[in-house]
Amino acid sequence: MIAFVKGDFVQKTPAVVYVDVNGVGYEVQISLNTYSSIQSLQQGMLHTYLHIREDAQVLYGFFDLKEKELFIQLIAVNGIGAATARVMLSSMKPDEISRAIVQGNVKLLESIKGIGKKTAERVVLELRDKLSKQVNDINIAALVNNSLEPDALNALLALGIGRQAAEQAVKKVLSASPASTKIEDIIKQALKII
């Protein structure tokens, strides 16, 4: 209903920001992640999600569109409400949450306040496939300057190795011998580890 608000940040706290949009003040609930992005700004735009309940209408705001999309996916999981999703996004960066879900890292998700083992397992079960492509894009974008790691990873994937096992093996090889410059050596050593 309200896709975004753009205006002056009249008052900011780590949980709420008041945005003056042409004389109309919007109270927008935010995560710590968004707060750290807007902390030094006097004005700007927040992507928003209007959460309507029986007893309230709450506007959630996100500095980054990817954070908003992750929030929407999280609240679609049974047992995760808007407040819990905001706590998750305040505890970890969206990329870290996505990566934990794709890797099935239930323990890391459990470390977030309000997330128990069953809820963490449900989040992984319901969102792993949806988020796996997005995390792949993030991994590739983060490694643009270093072509050895993604090339080795892609080669291992082409050989039928699972993504998680391949990522761990390549990272282990590169941390053990960071001077490796031949992709063939990296792949061979990674295959020995797997």
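Thresholds applied
- Residues numbered from 1 in each chain as written.
- Predicted model: local features only at pLDDT ≥ 70, side-chain atom pairs only at ≥ 80, totals over all residues.
- Heavy atoms only, no water.
- pLDDT = per-residue confidence, 0-100.
- Contact = heavy atoms within 4.5 Å.
- Pairing = 2+ DSSP bridges.
- Helix = DSSP H or I, 4+ residues; strand = E, 2+ residues; numbered from the N terminus.
- Axes fitted to C-alpha atoms, helices over the stretch in contact; angles between N-to-C directions.
- Buried < 20%, exposed > 50% of the residue type's maximum accessible area, 1.4 Å probe, protein only.
- Polar contact = N/O pair within 3.5 Å; in protein donor to acceptor, adjacent residues only side chain to side chain.
- Salt bridge = Lys/Arg side-chain N within 4 Å of Asp/Glu carboxyl O.
- Left-handed = near helix turned anticlockwise from the far one by under 90°.
- Nonpolar A, V, L, I, M, F, W, Y, C, P; charged D, E, K, R; others polar.
- Core = buried A, V, L, I, M, F, W, Y, C linked by side-chain atoms within 4.5 Å.

1. Considering the confidence of the model for the chain
In step 1: This prediction gives the chain a mean pLDDT of 86; 90% of its residues lie at or above 70.
In step 2: When the criterion is pLDDT under 50, residues 138-145 qualifies, and its contacts beyond four places in sequence or with other chains add up to seven contacts.

2. Some words on the sheet that holds strand β5 (residues 57-62)
In step 1: If you walk around this closed barrel you meet the five strands as β1-β2-β3-β5-β4, and the pairing is mixed. Strand-to-strand, the axes of this sheet are offset by a mean angle of 55°, without reference to chain direction.
In step 2: In the packing of helix α2 (residues 65-75) onto the sheet, the strands contacted are β4 (43-52) and β5, and the crossing angle to β4 comes to about 10°.
In step 3: The strands touched by helix α3 (residues 82-91) within the sheet are β3 (24-29), β4 and β5, with β5 carrying the most contacts at an inclination of about 20°.

3. Things to note about the side chain of Ser31
In step 1: Relative to the elements of secondary structure, Ser31 occurs in the loop between β3 and α1 (32-38).
In step 2: Overall, Ser31 belongs to the buried group, its relative accessible area being 1%.
In step 3: Side chain to side chain, Ser31 and Glu67 meet in a polar contact 2.5 Å long.
In step 4: Other than its neighbours up to four places away in sequence, Ser31 contacts Pro14, Glu67, Arg86, Leu89 and Ser90.

4. Examining the pattern of salt bridges
In step 1: Scanning the entire structure with this criterion turns up two salt bridges.
In step 2: Between Asp55 and Arg53 there is a salt bridge, with the nearest N and O atoms lying 3.2 Å from each other.
In step 3: Of the residues examined, Asp55 reaches a relative accessible area of 62% and is grouped as exposed.
In step 4: Of the charged contacts, one joins Glu167 and Arg163 as a salt bridge, the two residues approaching to 3.4 Å between their closest N and O atoms. On the criterion of helical spacing, the pair formed by Glu167 and Arg163 is a turn pair, its members being four residues apart in helix α8 (residues 163-176).

5. Some remarks on the packing of α8 against helix α9 (residues 183-193)
In step 1: Their axes nearest at 9 Å, the elements α8 and α9 cross at an angle of 120°. Both α8 and α9 take part in a crossing whose hand is right-handed. Between α8 and α9, the residues in contact are Ala169, Val170, Lys172, Val173 and Leu174 and Ile186, Gln189, Ala190 and Ile193, respectively.
In step 2: Of the residues assigned to the contact of α8 with α9, the class counts are seven nonpolar, one polar and one charged.

6. Quick word on the nonpolar core
In step 1: Core analysis: the largest hydrophobic core is formed by 27 residues, its most contacted members being Phe71, Leu74, Ile80, Met88, Ile101, Leu109 and Val123.
In step 2: Broken down by secondary-structure element, the contributors of at least two residues to this core are β5, α2, α3, α4 (94-102), α5 (106-110) and α6 (117-142).
In step 3: If sequence neighbours within four positions are ignored, Ile80 has contacts with Leu74, Ile75, Ala85, Met88, Ile115, Thr119 and Val123.
In step 4: One finds Ile30, Tyr35, Ile38 and Leu50 within the second-largest nonpolar core, a separate group that totals twelve residues.

7. Let's talk about the pairing of β3
In step 1: The sheet contact formed by strand β2 (residues 16-21) and β3 spans six bridges and is antiparallel. Paired with Asp20 across the strands is Gly25, a residue of β3.
In step 2: Adjacent in sequence and paired antiparallel, β2 and β3 are bridged by two residues, among which Asn22 carries a positive phi angle near 50°.
In step 3: When β3 meets β5, the two strands line up parallel, connected through two bridges. Bridging across to β5, Gln29 finds its partner in Tyr60.

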